Amino acid sequence: MPFVGGNWKMNTDLASSVELADDIVAGCAAFVDRCDVAVFPPFPYLQVVGRTLGHHGILLGAQDVCHMPAGAYTGEVSVDMLLDLNVKVVLVGHSERRHVIGETDDLINAKVLAVLDAGLDVVLCVGETLEQRESGRTKEVNVHQLMAGLRAVTPDSMEQVTIAYEPVWAIGTGRTAGPDQAAEVHRVLRASIGDLYDDDISESIRLQYGGSVKAKDAAGLFARPEIDGGLIGGASLDPEQFKAIVAAAVDAASQEQE
Ligand code: PGA
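Residues numbered from 1 in each chain as written. Predicted model: local features only at pLDDT ≥ 70, side-chain atom pairs only at ≥ 80, totals over all residues. Heavy atoms only, no water.

Viewed as axis vectors pointing N to C, helix H1 (residues 14-28) and helix H11 (residues 239-257) meet at an angle of 35°, and their least axial separation amounts to 9 Å. The crossing of H1 and H11 is right-handed. Between H1 and H11, the contacting residues are Leu20, Asp23, Ile24, Gly27 and Cys28 on the first element and Pro239, Phe242, Lys243 and Val246 on the second. Here the contact of H1 with H11 is built from residues that sort into 6 nonpolar, 1 polar and 2 charged. (Axes fitted to C-alpha atoms, helices over the stretch in contact; angles between N-to-C directions. Helix = DSSP H or I, 4+ residues; strand = E, 2+ residues; numbered from the N terminus. Left-handed = near helix turned anticlockwise from the far one by under 90°. Contact = heavy atoms within 4.5 Å. Nonpolar A, V, L, I, M, F, W, Y, C, P; charged D, E, K, R; others polar.)

Turning our attention to unusual backbone geometry. Positioned with a positive phi, Thr12 is a non-glycine residue whose angle comes to about 80°. Locating Thr12 in the fold gives a position in the loop between strand E1 (3-7) and H1. Even without being a glycine, Ser212 presents a positive backbone phi close to 55°. In this structure, Ser212 sits in the loop between strand E7 (206-210) and helix H10 (215-222).

Attention shifts here to the packing of helix H5 (residues 105-117) against helix H7 (residues 138-149). The contact between H5 and H7 brings their axes to 8 Å, and the two run at 45°. The angle between the axes of H5 and H7 places the two elements in the oblique class. Packed against H5, whose contacting residues are Asp105, Asn109 and Val112, the element H7 presents His144, Gln145, Ala148 and Gly149 at the interface. Residues belonging to the contact of H5 with H7 are distributed by class as follows: 2 nonpolar, 4 polar and 1 charged. (Parallel < 35°, antiparallel > 145°, perpendicular 65-115°, else oblique.)

What follows is about the environment of Val32. Relative to the helices and strands, Val32 is located in the loop between H1 and strand E2 (36-40). Between the alpha carbons of Val32 and His56 there is a distance of 8.1 Å; along the sequence they are 24 residues apart.

Right, let's talk about a negative patch on the surface for a bit. A surface patch of negative charge is lined by Glu19, Asp22, Asp23, Asp238 and Glu240. Take Asp23: it is sitting in helix H1. (Patch = residues over 30% accessible without salt bridge, like charges linked within 9 Å, V, L, I, M, F, W, Y side chains within 5 Å. Areas by Shrake-Rupley, 256 points an atom, 1.4 Å probe, with all protein chains shown as cover. Salt bridge = Lys/Arg side-chain N within 4 Å of Asp/Glu carboxyl O. Lys, Arg positive; Asp, Glu negative; His and termini not counted. Charge placed at Lys NZ, Arg CZ, Asp CG, Glu CD.)

Taking strand neighbours around the barrel as the criterion, the 8 strands line up as E1-E2-E3-E4-E5-E6-E7-E8 in a closed arrangement whose pairing is parallel. Pairwise comparison of adjacent strand axes, ignoring direction, gives a mean angle of 25° for this sheet. One ladder, built from 4 bridges, connects strand E4 (residues 89-92) with strand E5 (residues 121-126); its direction is parallel. For Val92, the partnering residue across the bridge sits in E5 and is Leu124. Contacting E5 and strand E6 (161-165), H7 runs over the sheet at an angle of about 155° to E5. (Pairing = 2+ DSSP bridges.)

Okay, here's the thing in structure tokens:
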């Protein structure tokens, strides 16, 4: 089953987060038996968005989490707090946290382990910058981020893991990696997961593509068997676009089954 997430980033306010969640329920609830759909609102709105999502099967996600369980960590949010709010899935290692906030591979790995330990699902984000791509380091950078993020993750917990390939040069820029470019990196990531774990895990793990995905690009990307869904930023703030992207994932999955 494909997996499409909407990362709202630092957008919406109290009223518009409820409105957006309502619209996403109206547009996407009919797809949740054929596609996992998650939204990742800002922390302050998790509770109200969770209530709005109700029991329609759309998953509540968090954009980040603290690696420590509790205590003197001013400004941080723990996995237990997320569990209290019925969060099911957590983004870790988004490029904006790596490159804007300065999170290291070690911190990202600690967050992945904290999320898995709590029984939540994780979307581990990886991706190269433009400079790294242009200097021929795409494969090396993505494999490094993958292996560092998954350090000490047991085969049993890999069921809780999704990987999002998000080339930094395509995020929020309107530049999307073409289906071939995305599929090529997805193959590399899948092969590395096979080396780290086994063939079953590398075949079953879901790899999302993210980076300026709009409704018009979704069908082309999801038609590639290497790509199991998307992590959507800007377009997830528009319920019609988001619905069309989820519908494209459902269509692609049904065609793959034929
Ligand atoms: P974008 O963001 O779709 O706005 O490029 C994607 C992401 O950062 O997850």
